[in-house]
Amino acid sequence: MPNPRIKNEEQYEALREQGYSKEKSARIANTPDAGKKGGKAKKYEEWTKDELYEQAKNVGIDGRSKMNKKELIKALRSN
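### A closer look at the overall build of the chain
Working step 1: A tally of regular secondary structure across the chain gives four helices and zero strands.
Working step 2: The order of α-helices and β-strands along the chain, N terminus first, is α-α-α-α.
Working step 3: Counting all 79 residues of the chain, 27% fall into the buried class.
Working step 4: For the chain, long-range pairs separated by at least 24 residues make up 34% of all intrachain contacts whose partners lie at least 6 apart in sequence.
Working step 5: Summing over all exposed atoms, the chain offers an accessible surface of approximately 5700 Å²; the carbon and sulfur share of this is 48%.

Thresholds applied
Residues numbered from 1 in each chain as written. Predicted model: local features only at pLDDT ≥ 70, side-chain atom pairs only at ≥ 80, totals over all residues. Heavy atoms only, no water. Helix = DSSP H or I, 4+ residues; strand = E, 2+ residues; numbered from the N terminus. Buried < 20%, exposed > 50% of the residue type's maximum accessible area, 1.4 Å probe, protein only. Contact = heavy atoms within 4.5 Å. Areas by Shrake-Rupley, 256 points an atom, 1.4 Å probe, with all protein chains shown as cover.

Quick look at the structure:
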């Protein structure tokens, strides 16, 4: 059964088969620009705190409501 929190299920499954963790696969598969060539995705530093919070929510990072922008970025990168 597809996970409603995963936006690109096919990409998620491919990443899992390559050995990526569930969290990292979800983060990559849920990034709006992940499928585009040329690295067009914005750097996390350019995201608003609300955007970072929603991304952290999508990948299931615990304690996100108490994190500031810098902590959210660190959590997303290390997840």
